[in-house]
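Examining the three-dimensional arrangement
Okay, here's what each chain looks like letter by letter:
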Amino acid sequence: MAWRAIGDKGIRSPLGRRVILSSQEHVVGSTSKVNLDFTVRSVSAANCRQGFTSGSLLPGASHGNVLTKESFIRYFHNTPVLYSRKAVDEALGLKTERKGKFKRRDKAQMKPPVEAKYVPPKLTQYMKSSQAKMVDIFEGMTIVELAKRTGESISTLQDVLLNVGEKPGSEFDPLSIDVAELIAMEVGVNVKRQHSSEGSQILPRPPVVTVMGHVDHGKTSLLDALRQTAVAATEAGGITQHLGAFVVGMTSGASITFLDTPGHAAFSAMRARGAAVTDIVVLVVAADDGVMPQTLEAVSHAKLANVPIVVAINKCDKPAADPERVKVQLASEGLQLEEMGGDVQVVEVSAVKKTGLDDLEECLLLQAELMNLKARVDGPAQAYVVEAKLDKGRGPLATAIVKAGTLVSGQHIVVGSEWGRIRAIRDMVGKLAQQATPAMPVVLEGLKGLPMAGDDIVVVESEERARMLSAGRKKKFEKDRLRQIMEDRPVVEEPSEEDGPVAVRVEMPIVVKADVQGTVQAVTDALKTLNSPQVFVNVVHVGVGPISQSDIDLAQACGACIIGFNVKTPPGSVSLAATKNVQIMLHRVIYRLLEDVGNMIVEKAPGTSETHVAGEAEVLSIFELKGRSKAAGGDMKIAGCKVIDGRVSRASTMRLLRSGEVVFEGCCSSLKRETQDVDAVGKGSECGMMLRDCQDYRVGDVIQCLEQVVRKPKFVSSQSGAVRIEC
């Protein structure tokens with residue numbers, strides 16, 4: 001196919017159509033062939049490439065050379081394929097569809113707008129949900145491995161790595177576990193640290209034993225008998241309400257770390273934390289009481305944590321003790337006792353008489369020997385927060401148990417979303433220590449904030465890294481909290497007229513202050529169980545420490561009640577400011593606190609309006625009044641009745657029953673006893689009654705007196721300590 005140039009403005013195709021020049025560009029190269037693209041302005045540019053010699057078209061270019069300095073022009077042409085297709089379409093009588101002109105819509109044909117209720121659109125969550133995704137990270141993992149686990153691209157993770165202050169290298173370079181957590185938090189996923197148990201020094205460690213069981217079954221008394229103390233005598237209400245850690249030196253010379261857990265139903269989270277960090281669970285069951293709800297809950301916690309159980313049947317010195325019955329109950333709940341061919345050891349003890357303690361010690365040491373408990377001593381420590389509290393002189397204190405490694409004073413640590421530098425390490429007696437070894441319970445000082453009970457303690461290399469991890473975790477925690485609020489928020493639908501009146505739900509704001517972090521969580525969880533369809537318990541603020549002026553101001557702003565558990569009485573100035581508008585409730589025993597709050601909820605609940613039958617009267621005779629004037633009305637009928645049950649009141653609504661079916665329902669226009677008008681008639685009395693707009697009485701009919709009664713909910717407390725509100 002031949003092309004012919006037309007001056008400097010265009011070229012002409014073999015079909016005789018002129019093509020207009022479009023653009024300019026420079027060509028640099030060594031080839032003598034140049035591919036130029038052509039198209040026509042009025043036709044599509046699809047599939048229109050044609051090769052030709054550059055010297056035949058470009059002015060000033062010699063044959064076989066390519067312009068390197070002079071610019072050439074890209075030419076456009078129309079392909080023969082489009083012309084042939086157009087000719088075929090015209091031969092067949094086909095026409096190309098063209099866009100029609102704009103036509104104005106006739107207003108007469110337009111429909112009026114429909115009045116519909118506005119429905120707000122649902123909020124779209126653009127942030128990825130991190131609740132369902134959990135990835136494992138470890139020391140030395142690469143960007144490639146992290147990208148596979150998080151589902152993000154390598155380039156995205158490298159950009160995040162640059163943002164967190166690290167120098168991005170190859171995607172196969174190893175990362176520290178702290179940097180891997182920072183990257184994972186930035187992309188919005190939860191992480192679980194996998195620590196290596198390998199080390200140069202792996203030595204045997206003492207076992208960690210958690211004592212669990214039902215409330216008032218003698219757990220603390222048993223520990224007092226083992227360590228020869230009297231902690232149970234000083235507890236408020238005679239029950240344990242904190243998680244305690246102790247190191248007990250046994251008579252054989254071995255040492256065992258014991259965790260004492262509360263038995264009340266409100267402290268379920270504490271029992272779960274104790275089972276998560278322990279090696280052996282001692283299940284204490286009273287011989288005179290048997291298996292109770294918290295006993296079964298302790299068994300489930302131990303099975304969930306895959307921890308062996310040693311059963312200690314306490315109070316065997318009581319006259320009503322029946323250890324055999326307890327064994328049968330435990331076997332029926334799925335525990336395979338040794339006497340029945342299983343592996344669960346059973347020991348009969350008495351904390352008061354101090355009998356069976358040697359057998360219990362022998363069982364614990366035997367179980368620990370079978371488990372071959374060892375831990376890494378060298379390297380950074382891994383610890384677990386058992387409890388946390390705020391001390392007035394020393395600041396935030398965290399009671400922790402070391403899992404592996406050695407925790408040294410002066411190290412930078414990250415505990416949950418808080419960080420700090422260890423200022424002091426104290427044992428449970430209060431003595432200073434320079435380091436903490438595995439299975440050793442210690443109290444840590446030097447944190448910048450109060451951590452949550454159950455947080456892991458991570459040792460980092462510098463203060464900057466500790467700050468970055470703490471800030472990232474706080475940001476992640478706040479995002480998850482707001483997302484959880486949005487997910488838990490109920491969808492409020494406006495009721496229709498057919499549904500009738502809707503019960504009003506009253507909100508009850510509460511501020512909770514307690515002595516330790518674990519107790520705060522236990523009280524908050526117990527208060528949330530008191531929610532009912534009529535009253536919503538809204539815990540607006542929780543904190544550790546005494547009641548302060550800021551708590552009073554917050555309670556006044558939102559109309560809340562302040563609950564203090566195991567805290568000191570607020571100062572006089574704070575109490576004086578609170579006497580006007582804020583109610584303060586101070587308690588030291590959990591079940592009394594729940595009882596008072598439950599009674600407060602019952603008083604504040606609006607109640608449910610119900611219709612009750614206040615009395616019934618039987619129609620004995622019918623009296624007719626005829627010949628009345630037009631002003632007084634026409635003929636009227638009076639029902640002579642006798643009250644057979646309850647009390648009949650004139651102001652109430654009356655219901656006329658005939659053979660058990662409702663004939664009429666309305667108000668009473670007149671109620672007389674003998675010749676006097678009365679407001680009410682009691683049981684056994686006779687009366688005359690007239691119902692408004694009702695003249696159809698028959699002997700034997702029953703007239704019921706209906707009254708609207710507001711029924712309040714009830715506060716119910718079970719023997720195990722569980723509470724609820726019944727509406």
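Scroll up a little and you will see the structure.
Residues numbered from 1 in each chain as written. Predicted model: local features only at pLDDT ≥ 70, side-chain atom pairs only at ≥ 80, totals over all residues. Heavy atoms only, no water.

A word on helix α11 (residues 517–528)
Between the first and last C-alpha of α11 there are 17 Å, a value that for twelve residues agrees with the 16 Å anticipated at 1.5 Å per step. Counting buried positions over the twelve residues of α11 gives nine, a clear majority of the element. (Helix = DSSP H or I, 4+ residues; strand = E, 2+ residues; numbered from the N terminus. Expected span 1.5 Å × (residues − 1). Buried < 20%, exposed > 50% of the residue type's maximum accessible area, 1.4 Å probe, protein only.)

What about the side chain of Gln-517?
Relative to the helices and strands, Gln-517 is located in helix α11. At 3.1 Å, the side chain of Gln-517 forms a polar contact with the backbone oxygen of Pro-451. When near neighbours in sequence (up to four residues on either side) are disregarded, Gln-517 contacts Glu-387, Ala-388, Leu-450, Pro-451, Met-452, Ala-453 and Val-544. (Polar contact = N/O pair within 3.5 Å; in protein donor to acceptor, adjacent residues only side chain to side chain. Contact = heavy atoms within 4.5 Å.)

Describing the pairing of strand β13 (residues 255–260)
Among the six residues in β13, five count as buried, and that is most of the element. The sheet contact formed by strand β11 (residues 208–213) and β13 spans four bridges and is parallel. In the sheet register, Val-211 faces β13, and the bridge partner there is Asp-260. Bridge count for strand β12 (residues 244–249) against β13 is six bridges, and the pairing is antiparallel. The partner of Phe-246 across the bridge, within β13, is Phe-258. Where β12 folds back on β13, the antiparallel hairpin that results is connected by five residues, among which Gly-253 adopts a positive phi of roughly 100°. (Pairing = 2+ DSSP bridges.)

Some points on the pattern of salt bridges
Enumeration over the complete set of coordinates arrives at 23 salt bridges. The residue Arg-193 makes a salt bridge to Glu-181 at a minimum N-O spacing of 2.6 Å. With Arg-193 in strand β9 (residues 190–194) and Glu-181 in helix α4 (residues 177–186), this residue pair connects regions lying twelve residues apart in the sequence. The two residues Arg-193 and Glu-181 agree in class, both being buried. Through salt bridges that share partners, Asp-391, Arg-394, Arg-423, Arg-426 and Glu-445 make up one connected network. (Salt bridge = Lys/Arg side-chain N within 4 Å of Asp/Glu carboxyl O.)

Side note on the environment of Ile-309
Relative to the helices and strands, Ile-309 is located in strand β15 (residues 309–314). Its relative accessible area of 10% is what places Ile-309 among the buried residues. Along the chain, Ile-309 and Leu-335 lie 26 residues apart, while their C-alpha atoms are 8.9 Å from each other.

Observations regarding the packing of α11 against helix α14 (residues 590–604)
Put simply, α11 and α14 touch, their axes get as near as 11 Å, and they point 35° apart. Crossing of α11 against α14: the hand is right-handed. Residues Val-523, Ala-526 and Leu-527 of α11 lie in contact with α14, whose contacting residues are Ile-590, Leu-593, Leu-594 and Val-597. Of the residues that constitute the contact of α11 with α14, the class distribution is seven nonpolar, no polar and no charged. (Axes fitted to C-alpha atoms, helices over the stretch in contact; angles between N-to-C directions. Left-handed = near helix turned anticlockwise from the far one by under 90°. Nonpolar A, V, L, I, M, F, W, Y, C, P; charged D, E, K, R; others polar.)

With respect to the sheet that holds β15
Spatially, six strands are ordered β12-β13-β11-β14-β15-β16 in an open sheet, and the strand pairing comes out mixed. The open sheet has two edge strands with one neighbour each: β12 and β16 (345–348). Across the sheet, the axes of successive neighbouring strands diverge by a mean angle of 25°, strand direction being ignored. Helix α5 (residues 219–227) contacts β11, β12, β13, β14 (280–286) and β15 of the sheet and is inclined by roughly 155° relative to β13. In the packing of helix α9 (residues 357–371) onto the sheet, the strands contacted are β11, β13, β14, β15 and β16, and the crossing angle to β16 comes to about 160°.

Examining the sheet that holds strand β27 (residues 506–514)
Taken in spatial order, the four strands make up an open sheet running β28-β27-β29-β30, and their pairing is parallel. Each edge of the open sheet carries a strand with a single partner, namely β28 (535–544) and β30 (584–587). Strand-to-strand, the axes of this sheet are offset by a mean angle of 25°, without reference to chain direction. Inspection of the sheet shows β27 paired to strand β29 (residues 561–565) by five bridges, in the parallel sense. What sits directly across from Val-512, in β29, is Ile-563.

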